[in-house]
Amino acid sequence: MSADDQETGEQRVRDAVRRHARTRAFAEAEDVISAVLSDPGVQAARERVEAAETELGLELCARLQPFQDRYDQAVTAGDPEGLAGLCGGKHGRWGRICVLPDGHETSMEEPHWGRNSEGRPIAWVGSAPDDW
């Protein structure tokens, strides 16, 4: 076996060990997250947050509904320019897309606002990637 072949084989082993360690770490992290999320105290806190987000969403609905209407019209019309200036804040897993203009958190001092996956008004603070 040449030195190059031996080095290539050793690199493959190192790569496999790294992949295995990463996969195991992700699996362990998912187990911990699942255990935490199943805790009754965490579930109760989540319910309180969801209730507060729904209440605030309803309170802001009359003032912010025109933004939802513009968003709906842009989606229906397939208008990329109408969608381009929107806030990037979203919680894709929960079906939330902020319909306010980009930068609203500082200029308007508003939370993110839109509709949840059931179509109800909702307001929230912070964002998460779609796959989180």
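First, a word on scope: everything that follows refers to the structure included in this document. (Residues numbered from 1 in each chain as written. Predicted model: local features only at pLDDT ≥ 70, side-chain atom pairs only at ≥ 80, totals over all residues. Heavy atoms only, no water.)

Side note on the overall build of the chain
Stage number 1. Across its full length, the chain carries 4 helices and 4 strands.
Stage number 2. Ordering the α and β elements of the chain from the N terminus gives α-α-α-β-β-α-β-β.
Stage number 3. The C-alpha radius of gyration of the chain comes to 22 Å, more than 25% above the 14 Å expected for a compact globule of 132 residues.
Stage number 4. Along the three orthogonal principal directions, the C-alpha set of the chain runs to about 75 × 45 × 25 Å.
Stage number 5. Here the chain, with 132 residues, has 23% of them falling under the buried criterion.
Stage number 6. Sequence-distant contacts in the chain: of pairs separated by 6 or more residues, those separated by 24 or more amount to 45%.
Stage number 7. Of the roughly 9300 Å² that the chain leaves accessible, carbon and sulfur atoms contribute 55%.
Stage number 8. Charged side chains of the chain number 15 positive and 25 negative; the gap between the two group centres comes to 4 Å. (Helix = DSSP H or I, 4+ residues; strand = E, 2+ residues; numbered from the N terminus. Rg over C-alpha atoms; globule rule 2.2 N^0.38 Å. Buried < 20%, exposed > 50% of the residue type's maximum accessible area, 1.4 Å probe, protein only. Contact = heavy atoms within 4.5 Å. Areas by Shrake-Rupley, 256 points an atom, 1.4 Å probe, with all protein chains shown as cover. Lys, Arg positive; Asp, Glu negative; His and termini not counted. Charge placed at Lys NZ, Arg CZ, Asp CG, Glu CD.)

Describing the side chain of Asn 116
Stage number 1. Structurally, Asn 116 can be placed in the loop between strand 3 (112-115) and strand 4 (121-124).
Stage number 2. There is a polar contact of 2.9 Å between the side chain of Asn 116 and the backbone nitrogen of Glu 118.
Stage number 3. If we skip the residues at most four places from it in the chain, Asn 116 touches Gly 95, Arg 96 and Ile 122. (Polar contact = N/O pair within 3.5 Å; in protein donor to acceptor, adjacent residues only side chain to side chain.)

Some details on the nonpolar core
For soluble globular proteins, nonpolar side chains are generally found buried alongside one another.
Stage number 1. Of all hydrophobic cores here, the largest spans 14 residues; its most connected members are Leu 60, Leu 64, Phe 67, Cys 98, Val 99, Leu 100 and Trp 113.
Stage number 2. At the level of elements, helix 2 (40-77) and strand 4 are the ones that each hand at least two residues to this core.
Stage number 3. Per-element tally for this core: the top contributor is helix 2, with 5 residues. (Core = buried A, V, L, I, M, F, W, Y, C linked by side-chain atoms within 4.5 Å.)

Comments concerning the environment of Gly 126
Stage number 1. With respect to the helices and strands, Gly 126 occurs in the segment after strand 4.
Stage number 2. Spatially, the C-alpha atoms of Gly 126 and Glu 30 are 22 Å apart, while their sequence positions differ by 96 residues.

Brief notes about the pairing of strand 4
Stage number 1. On strand 4, burial covers both faces: Pro 121 and Ala 123 on one face and Ile 122 and Trp 124 on the other are all buried.
Stage number 2. Pairing geometry for strand 3 and strand 4, over 4 bridges, is antiparallel. Paired with Trp 113 across the strands is Ala 123, a residue of strand 4.
Stage number 3. Linking strand 3 back to strand 4 in an antiparallel pair, the connection comprises 5 residues, with Gly 119 at a positive phi of about 90°. (Pairing = 2+ DSSP bridges.)

Structural notes on helix 2
Stage number 1. End to end, helix 2 covers just 44 Å across 38 residues, shorter than the expected 56 Å (1.5 Å per residue, more than 12% under).
Stage number 2. The sharpest bend along helix 2 reaches about 80° and sits at Ala 62, with the proline Pro 66 one to four residues further on.
Stage number 3. Among all positions in helix 2, only Glu 53, Gly 57, Leu 60, Cys 61, Leu 64, Gln 65, Phe 67, Gln 68, Tyr 71 and Ala 74 are buried.
Stage number 4. The opening residue of helix 2 is Asp 39, an N-cap whose side-chain oxygen sits 2.8 Å from the backbone nitrogen of Gly 41. (Expected span 1.5 Å × (residues − 1). Bend = angle between axes of the 7 residues up to and from the residue.)

Quick notes on the side chain of Gln 65
Stage number 1. Summarising the element assignment, Gln 65 is placed in helix 2.
Stage number 2. Side chain to side chain, Gln 65 and Arg 115 meet in a polar contact 2.4 Å long.
Stage number 3. Apart from the residues within four sequence positions on either side, Gln 65 is in contact with Trp 113 and Arg 115.

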